[in-house]
Amino acid sequence: MRLLTSACLAVLLTLGTAPAFATQEYILPTLFDVARVAPDDVLNIRQRPDARSPVIGTLAPDATGIEITEARGNWGRVNAGEVSGWVSMRFLDYRTDVWEWGQLPAGFSCYGTEPFWSLSVEGDDLVHATPEGEARHRITAILDRGVFRDPTRAVVAGPITLTAAPQICSDGMSDRVMGLGAMVVMDGTELLTGCCHIAR
């Protein structure tokens, strides 16, 4: 396993103390499937966590892999297009196959602005994209904290060390709200910040 620089370790230790949005069974963000909705009905996405709030979107009765980034009471925040809204958690079942030890969910990707960058996983590679182009680096380590279903991760790939931890995060360019904050150390000389999501 590749040794991490002191800067990378400092980032890991900082993110390791980030608050976890925990419940009895899962830690957000994680993925859910729509359940207990009639086949001819939909699950409403509301503007606010309130049954009287305006509907801004819907989820199909058989929708799967819905990322919930935040919870308030019996409501969960979900992104729909360029906005975020709230769905009743009574109609969602959490998935147990999302945060496996030493792995990343299939839809895991991160991005940031000023400067614009993104990181996505393709097979065993971490793909780093900027407006100037993209580069691929073989992933050599995916680290977790050893806490059951904790989303906190560190990914080491060539000159890149990415850490992601539960944190309400916005890109400042849309109304979407993510559940993972990201910090990226590039070549041991540059620090980038952004957000990550796990829905495909």
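Residues numbered from 1 in each chain as written. Predicted model: local features only at pLDDT ≥ 70, side-chain atom pairs only at ≥ 80, totals over all residues. Heavy atoms only, no water.

A. Spotlight on the state of the cysteines. According to the stated counting rule, one finds 2 disulfides in the structure shown. Residue pairing for Cys-169: its cysteine sulfur links by disulfide to Cys-195, the two sulfurs lying 1.9 Å apart. Its torsion about the S-S bond being -80 degrees, the disulfide of Cys-169 and Cys-195 is classed as left-handed. Taken as a pair, Cys-169 in strand E16 (residues 160-169) and Cys-195 in strand E18 (residues 190-197) lie far apart in primary sequence, 26 residues in all. In this pair, the class of Cys-169 matches that of Cys-195, namely buried. (Disulfide = S-S within 2.5 Å. Helix = DSSP H or I, 4+ residues; strand = E, 2+ residues; numbered from the N terminus. Buried < 20%, exposed > 50% of the residue type's maximum accessible area, 1.4 Å probe, protein only.)

B. Representation of the pairing of strand E13 (residues 125-130) in the model. Strand direction decides the pairing type here: strand E12 (residues 117-122) and E13, joined by 5 bridges, are antiparallel. Paired with Ser-120 across the strands is Val-127, a residue of E13. Here E12 hands over to E13 after 2 residues, with Gly-123 in that stretch at a positive phi of 65 degrees. (Pairing = 2+ DSSP bridges.)

C. Highlighting the sheet that holds strand E15 (residues 153-157). Here 8 strands make up a closed barrel; going around it, the order is E11-E12-E13-E14-E15-E16-E17-E18 and the pairing antiparallel. Across the sheet, the mean angle from the axis of one strand to that of its neighbour is 30 degrees, orientation sign disregarded. In the sheet, E16 pairs with strand E17 (residues 178-186) via 8 bridges, with the strands oriented antiparallel. Looking at E17, one finds that Leu-162 is bridged to Val-184. (Axes fitted to C-alpha atoms, helices over the stretch in contact; angles between N-to-C directions.)

D. Layout of the nonpolar core. Residues Phe-108, Leu-162 and Val-184 are the most contacted members of the largest nonpolar core, which totals 23 residues. Of all the secondary-structure elements, those providing two or more residues to this core are E12, E15, E16, E17 and E18. In this structure, Leu-162 is in contact with Phe-108, Cys-110, Leu-119, Arg-153, Ala-154, Val-155, Ala-182, Met-183 and Val-184, ignoring residues within four places of it in sequence. Counting 15 residues, the second largest nonpolar core, distinct from the first, contains Val-37, Leu-43, Ala-63 and Ile-68. (Core = buried A, V, L, I, M, F, W, Y, C linked by side-chain atoms within 4.5 Å. Contact = heavy atoms within 4.5 Å.)

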